[in-house]
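Letter by letter, the chains look like this.
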Amino acid sequence: MVSVALGAIGLAAVFCFHFPSLLTVPELRALYPVPFIRALLHLVLVWSFVAGVISVCLRHRKILGMTGIGLTLVAALLGGSRVPLDGELRSGPFLGLDWFVLNLIAYSALFIPLERIFARRPGQDVLRKGWRTDLVYFFLSALLVQVTTLLTMMPAMTLFAWASSARIQAVVSSWPFVVQFVAILVLTDVVQYWVHRAFHRVPFLWRFHRIHHSADVMDWLAGSRLHLVDVAVTRGLTYVPIYLLGFAEPPLFAYVAFVSIQATFIHANVRFHFGPLRWVLATPQFHHWHHGAEREAVDKNFAVHLPVLDRLFGTCYLPGDRWPASYGLVDGTPVPPGYVRQLLAPFKSRTPGV
Ligand SMILES: [Zn+2]
Ligand SMILES: [Zn+2]
């Protein structure tokens, strides 16, 4: 697995060198220390090759080792760590292949050890049931970062431009960083709470959101499983107050980083309890109950950040030290495995109310 993972990352990096305009995020290009990345790429490819050879020698099944060696050889044939930085850099449509590689490295380095040491379910494997499907969601959400950013911002900018006021925006953006950050957190979670609740209670919307709830294993990767319509509607609506009030970029970017990490963390297979703090910020136990396949957990804990919203609106369920016994859909037709089938499933389901 190490060989395959490193071989794939190495090959992706080589592709990024060949097609920087098409495969890298413009905002990140200027930040890359290219000589350092080349040295790192060299190490990654050597490590992938060695791990592949060891795997082929020691394991009965050769497929993983051979795949790792194959990926490394293709990366080497395409230039390896000496790959030229091709093509002039231009703006326009791009795919975030570099964004995917960076996210994969950062999140797996943070969450895989965390889930090993503090596992809620110690026997749960990293490559558990459905990991391929969830990795495709993780891959595509990074790759299509330009598309999802557009889908987030366009509805507010086209439908609510008439309501924006330069005077209000000047006042809000002059507030201290912390005040703006907390204001964004509260506003987005109030909107997100009601959008999320609607996705559960309106049968047509539930068709899309039940894809997220079809994961019957909870870990850091499971949170990625979100239908594109779910992502577009939720993000598009939560961006409306941010757009109207015109927050400054630093607190807004801090919020985007915070929500990305917290949304991943609350799905993670970790047993942290957090004591009284669990009533202040959403924790893994709080969101695991949202995914619980038990009657008392159905339609509970809609907030992403603030459990107080669920207490206020009567949907909070956070019993002492208890965690759900199992996760997934309580009823309805089963969701098929695989990204494409899950993308099409909401448009096909004929079961009433699902
Ligand atoms: Zn939900
Ligand atoms: Zn979730």
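Provided above is the structure to which this section pertains.
Scoring rules and cut-offs
Residues numbered from 1 in each chain as written. Chains lettered and ligands numbered in written order. Predicted model: local features only at pLDDT ≥ 70, side-chain atom pairs only at ≥ 80, totals over all residues. Heavy atoms only, no water. Donors = N, O, S within 2.8 Å, 3.2 Å for Na, K, Ca; no water. Helix = DSSP H or I, 4+ residues; strand = E, 2+ residues; numbered from the N terminus. Buried < 20%, exposed > 50% of the residue type's maximum accessible area, 1.4 Å probe, protein only. Lys, Arg positive; Asp, Glu negative; His and termini not counted. Salt bridge = Lys/Arg side-chain N within 4 Å of Asp/Glu carboxyl O. Polar contact = N/O pair within 3.5 Å; in protein donor to acceptor, adjacent residues only side chain to side chain. Contact = heavy atoms within 4.5 Å.

Participant: Mind showing me how you'd approach the coordination of the zinc ion (ligand 1) here?
Facilitator: Each angle at a metal carrying four tetrahedral donors should ideally be 109.5 degrees, and each at a metal carrying six octahedral donors should ideally be 90 or 180 degrees. Surrounding the zinc ion (ligand 1) are the protein donor atoms His196 (NE2), His200 (NE2), His209 (NE2), His213 (NE2) and His290 (NE2), which sit 2.1 to 2.2 Å from the metal. Donor residues for the zinc ion (ligand 1), ordered by position in the chain, follow H-x3-H-x8-H-x3-H-x76-H. Separation of the zinc ion (ligand 1) from the zinc ion (ligand 2) amounts to 5.9 Å. Highlighted residues: His209 in helix H11 (residues 203–213) and His290 in helix H14 (residues 284–290), separated in sequence by 81 residues.

Participant: Help me understand the coordination of the zinc ion (ligand 2), please; the structure alone is not making it clear to me.
Facilitator: His212 (NE2), His267 (NE2), His287 (NE2) and His291 (NE2) make up the full set of protein donors to the zinc ion (ligand 2), lying at 2.0 to 2.1 Å. Motif for the zinc ion (ligand 2), donor spacing along one chain: H-x54-H-x19-H-x3-H.

Participant: Which parts of the structure should I look at to understand the side chain of Arg278?
Facilitator: Here Arg278 shows up in the loop between helix H13 (249–265) and H14. Buried within the structure, Arg278 lacks any salt-bridge partner; its nearest side chain of opposite charge belongs to Asp321, at an N-O separation of 6.1 Å. A polar atom in the side chain of Arg278 sits 3.0 Å from the side chain of Gln285. Reaching out from Arg278, the side chain makes a polar contact with the backbone oxygen of Gly320 at a distance of 3.2 Å. In this view, Arg278 contacts His273, Thr283, Gln285, Pro307, Leu318 and Gly320; residues no more than four positions away in its chain are not counted.

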